[in-house]
Each structure stands twice: as C-alpha cells, then as structure tokens.
Amino acid sequence: MADLYQYREQSEEPLDCLYILHCSGENSLAGLEFSAKEKRQLRQKMKALSPKGNEGEIISGECPLEIAHRITFVGLGEEKRLTHAKLREGLRRVIKQAAKNREYQIALGLAPRVHGLSEAESRLFALLEAAIADYTFDHFKSKKNEFDKIDGLHIVPLAGETEEELEHRLEQVRLYANAVRLARDLGNRPGNDLTPEAFASTARELCEEEAGLRVTILGPKELTKEKMGGILGVSQGSVQEPRMIVIEHRPKKPKKSLVFVGKGVTFDAGGISLKPARDMGWMKYDMCGAAIVLAVMCTVAQLELPFKVVGLIPAVENLPSGTALKPGDIITMANGKTVEVDNTDAEGRLILADALTYAGKFNPDVVIDFATLTGACVVALGHEAAGIMGNDTALLNTLAKLGETAGERVWPFPLYEEYFSSIKSDWADMKNAGSRWGGPVTAGTFLKQFIPEKVSWAHLDIAGVAYAEHPHSGLPIGATGFGVVLTLSYLNQLMKG
Ligand code: BES
Ligand code: MN
Ligand code: ZN
C-alpha cells in the first residue's frame, strides 16, 4: 500500500510521474499550488499534448518540471457532473497506468471538485479516494498484485493551501483510509479463514492489544447465560462455535452513548432452507456489517472521541446439518420474545435481535446496525445505495445527507406499523420471515421488535453495496468497506456539533 506524502517533502530524486487529474473545459492548473514559473512550463506542455479532459482520456509526455520524469493528464469529464464514482474511476486508472509503467513514486495533482460538495469536503474525499485507489486483496496469492509496488503518492497542495493544512488533511485521510482497508480485508477473507472464533481473536488483537479498547468475548457458555436463543440457534448447525464480540470505548464523562451493531455471519449457506449453489460463494461477504463495526471501533480509539462508543458483533456460521435449526422451530430470544423460524435463511435478523437487546445494557442514545440483510434490498436499490430505516427521522436524514457527501449513499424505506402483520405467527410472538413482498421492511420490522425503549435507531441494509461482484464505479471486486466513511463522518459531525 502506498504511503501518502506532501509533494516536495522528499525531493532529492525526481518522482516517476506527475499525474494531473482534470475536467474538460477547466483550467487544470489553476487549483494547484505551483509557482508561476512552473505553471508557465506546465501550460506550454499542455499546449503541446493538448489533453481535453474527457472522461477516460489519458495523455502522457515528458515532464517539464524537475520533480518528475514524466507527466500524465487524466480526464474526468465535465466538472459539474463529477461524482465520487467518476473520481474513483479516474484514480483507479492512475494506479493501473502507474503499475503498468512501473512508476512506483508518483505525484498527484487533484484539484477537481466533486459536484455538490463544499470545497473542504471535496478536498477531503477526493484525497481519500486517492488513498484507497490502489486497494487489492492478494493475501492468498503467491504472486502479488503489481499495484502493491506503488510506494508513494506525493500530493500536490491545492492553491492557497499551507503545509499545515495539507498535513492535517493527510492525517485524517490516512486514518479513514486505514479503516476502509481494514473493513475490506476482513470482508474479503473467506469463510474457512475468518470463522467466528477468528473474528473474535482479530478483534482482540486489533482493538484491544493495538488500540487499547476493552474487548469482551461471549462464547457458548456466556451466550447461554444471556439466553441468546437467536445467536445460539443460528450457529447450532455448524461446528464453528458462535461468538459475541463486545468492543468498548469508554472515555471519562462521556457526552453521549452510541452502540454500533454489525451482522457477522462468516458464511451463510442458508441453513436447512439451503441457498442454491449458484452464487453461494458470495455469502462469505455476509459479515461485512461486522467488518464496518470493527474498523470503526479501531478508529474511534485513535480519535479519542468524547463519547461512549460500543461495537457489538454477533458472529456465527449458518450451515445445514443434523443439528441445525429447522423451519417451524420456535426459539426464545434474549429479551424473552419467542420466534417461529419460518426460514433458516433469514438468520441475520435472529442474531441481530439478540445483539440489539444486549445494546440496551449500555444505555445508548443512538443505535445503528449494519447488515447484509436481504436480497430484496438489492432488487430494490441495486449497487449504488444501501437501504436505511429506523425510528428517528432526524437521524435518518442526517445519515442520508452525510452518505451523499461521503460517496456512500443510503435511501429510506418506511417501517409502518401495519408491516408487522406479515411476520405474525400462529404459534409464537412472531416469525422470522414474512411474505415475499417488501423484504427489506419485513426484516426492519422484525429488528424493530428488539430495539430498547427511547433509543434513536437506524438500520442499514448493505446487501447490495457491501461487496462488488464485478469492478464498477471505480470500486475493486470484493468487499467495498461501504459504511465506514459514513459512520466516521457521522462521529465527526457529532464531535463538532
Ligand atoms: N445474507 C442474506 C442476504 C443477502 C442476499 C445478502 C444477497 C447479500 C446478497 C440473508 O441472510 C438472506 O438470506 N436473506 C433472505 C431472507 C428471506 C429468507 C426472508 C433473502 O434475502 O432471501
Ligand atoms: Mn441468509
Ligand atoms: Zn445472511
């Protein structure tokens, strides 16, 4: 992974290439902090190469400045239509080109503004996209990806930006980028590697030993004591024992209390209600909600936030076997409510329900859960937005606005009382799956039954955005880390507000 530097910080040897990302019809150099002389030289070069700035365009030549051997102009299209996705695409192209040409030290001039963002926001998020653009997951490959050799991204300051300002921006971006990379790495680890137990030991290592947070792990014995029938029930078909991972950031005199809950199904075969073989392999990504929570908690520790923040990760494997839950079984959840298991593939809500009950112990003001919960959410929204629902319109609106800014968009579903009728059971307090219709809201309605009183709650169904089956919108194949930046932006806003 490439380190981020200020351009000119290490100027002994010329860099391999200076990349300038620019939009069509814009003065590409105006936004960058070059001297008047340098700008003259660059303008001359541009005249000769005449890049148009159209989307997809890449034009290279010899660099007229001493700082780099070569210069490459990368087009992003019209600035008023510049989205996070287009910027990501452009940066991904930079990385591909650099790897292909063996340019391992590159400078990056990144002045275009993402449409709809303030200048400060655009500066931050553009740089963040740059910092994660070289992400690949080749942990299990003998031959490492060529991207891994790109060593240094040297950022050209923006016009008027002081060294301190840029360094401040770089600090924040490094923190966010590490969190996104961590969430992606966890997401991409296959089911046989990242079992519930391995998830728990990873949390101990990263959150407790490295970040200094308090980590408590509940195994079968403790889960039984807490009467967590949902978590125990789902895991009973697998030889992998369940875990509930509790990660706590507890400052003195906290101003607020927040709990984040992440679905941690390390593999979801569906259980006895077995999924079709086709595409089942993607269900190793059924713990991406949990990955967000772990990555956010590590970052929370580094930010020294003045809030109590708790991360809860119910981690299980959902497999069919002679000991597995069966359709028709009735289980008792941690809050005493009974659930008829109508479909063992609706397992996420069962484990989340117990975790949401447990959240009550921390007297939270706000609870947010993240889950790859329903295929129906993917049918409804595709891969460009997560579904969001909850009980507090102000919280939902805040997250929607921040998501737009962060390039992690969320779109609301309603949770009308009437939806409960579809999960009414003849034999228990409710059942875990309803009719075919309104999948995301049925799941949300189920979760709502387990929200502690007076808590402001948001549920994010990230089934469509947590991982990419094909590279698209500038995202790599596999886990995207969706939700990490949104959550960190939310915490950042709380801290300021
Ligand atoms: N993990 C799946 C949801 C999912 C589907 C995530 C596709 C990502 C992509 C979840 O556990 C599940 O199987 N949900 C069922 C619920 C149904 C049985 C009510 C579904 O969506 O089919
Ligand atoms: Mn399932
Ligand atoms: Zn699942």
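In short, a report on the structure. (Residues numbered from 1 in each chain as written. Chains lettered and ligands numbered in written order. Predicted model: local features only at pLDDT ≥ 70, side-chain atom pairs only at ≥ 80, totals over all residues. Heavy atoms only, no water.)

## Observations concerning the sheet that holds strand 6 (residues 152-155)
- Ordered by their spatial adjacency, six strands build an open sheet running 1-6-5-2-4-3, and the pairing between neighbours is mixed. Strands at the two margins of the open sheet, each flanked by one partner only, are strand 1 (3-6) and strand 3 (58-62). On average, each strand axis in the sheet is tilted by 25° relative to the strand beside it, whichever way the strands run.
- Strands strand 2 (15-24), strand 3, strand 4 (68-78) and strand 5 (105-110) of the sheet are contacted by helix 2 (residues 84-100), whose axis makes an angle of about 155° with strand 4.
- Along the sheet, helix 3 (residues 119-132) makes contact with strand 1, strand 5 and strand 6, crossing strand 5 at roughly 155°. (Pairing = 2+ DSSP bridges. Helix = DSSP H or I, 4+ residues; strand = E, 2+ residues; numbered from the N terminus. Axes fitted to C-alpha atoms, helices over the stretch in contact; angles between N-to-C directions. Contact = heavy atoms within 4.5 Å.)

## A word on the coordination of the zinc ion (ligand 3)
- Within the protein, the zinc ion (ligand 3) binds to Lys263 (NZ), Asp268 (OD), Asp286 (OD) and Glu347 (OE); these donor distances fall in the range 2.0 to 2.4 Å.
- Note that the zinc ion (ligand 3) binds six donor atoms; their angles at the metal cover 78 to 174°, and the shape is octahedral.
- Mapped onto the polypeptide sequence, the residues donating to the zinc ion (ligand 3) form the spacing pattern K-x4-D-x17-D-x60-E.
- The distance between the zinc ion (ligand 3) and the manganese ion (ligand 2) comes to 3.1 Å, with Asp268 serving as a donor to both metals.
- Judged by relative accessible area, which is 3%, Asp268 ranks as buried. (Donors = N, O, S within 2.8 Å, 3.2 Å for Na, K, Ca; no water. Tetrahedral: all angles 85-135°; square planar, octahedral: opposite > 155°, others 65-115°. Buried < 20%, exposed > 50% of the residue type's maximum accessible area, 1.4 Å probe, protein only.)

## Some thoughts on the layout of surface pockets
- For the second largest pocket, the calculated volume is near 940 Å³.
- In terms of lining residues, the second largest pocket is bounded by 35 residues, among which Lys275, Asp345, Thr374, Gly375 and Ala376 are the most central.
- Breaking the lining of the second largest pocket down by element, the ones donating at least two residues are helix 9 (348-359), helix 10 (375-381) and helix 12 (439-448).
- It is helix 10 that provides the largest number of residues to the lining of the second largest pocket, a total of four residues.
- Broken down by class, the residue content of the lining of the second largest pocket amounts to 13 nonpolar, 10 polar and 12 charged. (1 Å grid on protein atoms, 1.4 Å probe; cavity = no way out; pocket = protein on both sides within 12 Å on 5 of 7 lines; lining within 4 Å. Points joined across faces, edges and corners; volume = space filled by probe spheres on them. Nonpolar A, V, L, I, M, F, W, Y, C, P; charged D, E, K, R; others polar.)

## Topic: the coordination of the manganese ion (ligand 2)
- Donor atoms from the polypeptide that bind the manganese ion (ligand 2) are Asp268 (OD), Asp345 (O), Asp345 (OD) and Glu347 (OE), placed at 2.0 to 2.2 Å.
- Metal-centred angles of 69 to 167° between the six donor atoms at the manganese ion (ligand 2) mark the site as irregular.
- Glu347 sits in the buried class, given a relative accessible area of 1%.

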